[in-house]
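Chain and residue survey
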Amino acid sequence: GLAGITASPARAETLEPNSWDDITSYNNFYEFGTRKDDPKANAGGMTTTPWSIRLDGMVDRPGTYDLAQILPQMMIEDRIYRLRCVEAWSMVVPWQGFELADLLDLAGVQDGARYVAFETLLRRDEMPGTRYPVLDWPYVEGLRLDEARHPLTIMATGIYGKPLPNQNGAPLRLVVPWKYGFKSIKSVVRITLTDSEPPTSWNKAAPGEYGFYSNVNPNVDHPRWSQKAERRIGGGLFAKKVPTLMFNGYEQDVAGLYDGMDLARHF
Amino acid sequence: MFADRINRALRRLPAWPVYLLALAHVIWLIWLGATGGLGIEPIEALEHALGLTGLKLMIAALAVTPLRRFAGINLLRFRRALGLTTFFYVTVHLLVWLVLDIGDPAAIWADIVKRPYITVGMAGFVLLVPLAITSNDWSVRRLGPGWRRLQRLSYPAALLGASHYVMLSKGFQLQPMAYLAAVLALLALRLPWKRWRREIPTA
């Protein structure tokens, strides 16, 4: 079913998804270049079959899992989510995917594990953007275990009922709808359970600008631009910005994860 | 000589088409933006195209003097057109940001004072204003030697413009750095290297 659009008033409105063209031609995937049209132009050469994921760290059954063998065990659902980029633009994406929690259970999370670290494929001959030191490759991201196990957190495999295009993070990517888009790491090849906060790419590049949590928050500005409003992609030259919602509109579902935390400090 | 041949060819070229081309190009960009030709996020694309073209023209204007001094190629007749079209592009770039991008007057002021890259870009624009106003023969005669001194505002303006580009980029990106390097190089060529060399005492 269309999970994730019924529970809270903030999401009671029907989300109107962006077009396939919007979603697949305006991307940040720096491994293929820093311009928004670079990923679509350059990601075609990325080999996505076969694909395997290494599940390791504090898990009962570490190993390299073949994606083709994982998928039949997962329940693929439709999830229409807002995607809010840290650059103050947003779109709505009709994903298909499964809950990350189910994948973690496949490997068996050990007691004491508190964080989940993710890593993107690094194949330099297929990724022209990695010739430049824009970021410290490979791209890495991380979540707290409770964030990772939250039912809104999914591993996406498709958009609009079609397999994920390469520029959107084929064949398997994370989607955490209440966090800025860069947390939703693409083309994942490794997931590691740890007991300490893992390093994350943008935080390493500019710690003052991108925190570990990076929850969408209109009250905490990026040092270089405001986060109070966002531009909905696809509105054309005269589209007005719209207000950004706390936790990207998923406040009722996820605010409890951060009880007692100073979100301006843990940005 | 090669430079002479270029200079002879250049003498036959009028400067006024530069203005016409700039005007046509800006109208064309806005038309593209309004009709989907700049991709699905036309505001950002338009801002970027205008800003980048402004920076290129600024660099071209700064290159006129070194080109003449070091290569003997004389583009002086085009410098005013390059400077004024720089100002034109930067002004439209600023207007697109003000009207289409931000829109909300309260947010505009907050952005100018709170966001360093916008402060820097805005400062660069402010420095270009007196240059644009005095870019006519009457001002040149009227201000005399002061006019030449005033034109040196273009040096900090170019530095601010290129820094604005570097500062708004995410991650370590080469293209903005290359533009800043070009500006720094063109400014460095203006330093009185020879005089310094002469003044170094030979022990």
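Please refer to the structure higher up on the page.
Residues numbered from 1 in each chain as written. Chains lettered and ligands numbered in written order. Predicted model: local features only at pLDDT ≥ 70, side-chain atom pairs only at ≥ 80, totals over all residues. Heavy atoms only, no water.

Side note on the sheet that holds strand β2 (residues 52-57) of chain A
Backbone hydrogen bonds are what pair the strands of a sheet, in a parallel or an antiparallel way. Residues and elements named next belong to chain A. Read from one edge to the other, the open sheet built from five strands follows the order β3-β2-β11-β6-β7, with strand pairing classed as mixed. The open sheet has two free edges, formed respectively by β3 (63-66) and β7 (140-144), since each of these has just one partner strand. Direction aside, the axes of adjacent strands within the sheet are offset by 20° on average. Of the strand pairs in this sheet, strand β6 (residues 115-120) and β7 are connected by five bridges, and their pairing is antiparallel. Across the sheet, residue F118 finds its bridge partner in β7, namely E141. The strands that helix α4 (residues 100-107) touches are β2, β3, β6, β7 and β11 (188-194); relative to β11, the one it contacts most, it runs at about 70°. (Pairing = 2+ DSSP bridges. Helix = DSSP H or I, 4+ residues; strand = E, 2+ residues; numbered from the N terminus. Axes fitted to C-alpha atoms, helices over the stretch in contact; angles between N-to-C directions. Contact = heavy atoms within 4.5 Å.)

Brief notes about the environment of M74(A)
Residue and element names in this part refer to chain A. As for its placement among the helices and strands, M74 is situated in the loop between α3 (67-70) and β4 (77-84). In the structure, M74 is positioned 32 residues away from L106 in sequence and 9.5 Å away in space, judged by C-alpha atoms. Beyond its immediate stretch of four places on either side in the chain, M74 contacts F98, D102, L103 and L106.

As for the packing of helix α2 (residues 16-34) of chain B against helix α4 (residues 76-102) of chain B
Residues and elements named next belong to chain B. Their axes nearest at 9 Å, the elements α2 and α4 cross at an angle of 15°. What the angle tells us is that α2 and α4 run roughly parallel. Crossing angle aside, the handedness with which α2 passes α4 is right-handed. Contact residues: V18, Y19, A22, L23, H25 and V26 in α2; F78, R80, A81, L84, T85, F88, Y89 and V92 in α4. Here the contact of α2 with α4 is composed, by residue class, of 11 nonpolar, two polar and one charged. (Parallel < 35°, antiparallel > 145°, perpendicular 65-115°, else oblique. Left-handed = near helix turned anticlockwise from the far one by under 90°. Nonpolar A, V, L, I, M, F, W, Y, C, P; charged D, E, K, R; others polar.)

Some details on the interface of chain B and chain A
Contact residues are listed per partner, giving 26 residues for chain B and 29 residues for chain A. Between chain B and chain A lies a buried interface of about 2,200 Å² when both sides are counted; carbon and sulfur atoms form 57% of it. Of all residues in chain B, the largest losses of buried area upon contact with chain A belong to I40(B), R115(B) and K170(B), amounting jointly to 33% of the total for that side. Joining chain B to chain A, the criterion identifies six salt bridges. (Buried area = accessible area lost by both parts, 1.4 Å probe. Salt bridge = Lys/Arg side-chain N within 4 Å of Asp/Glu carboxyl O.)

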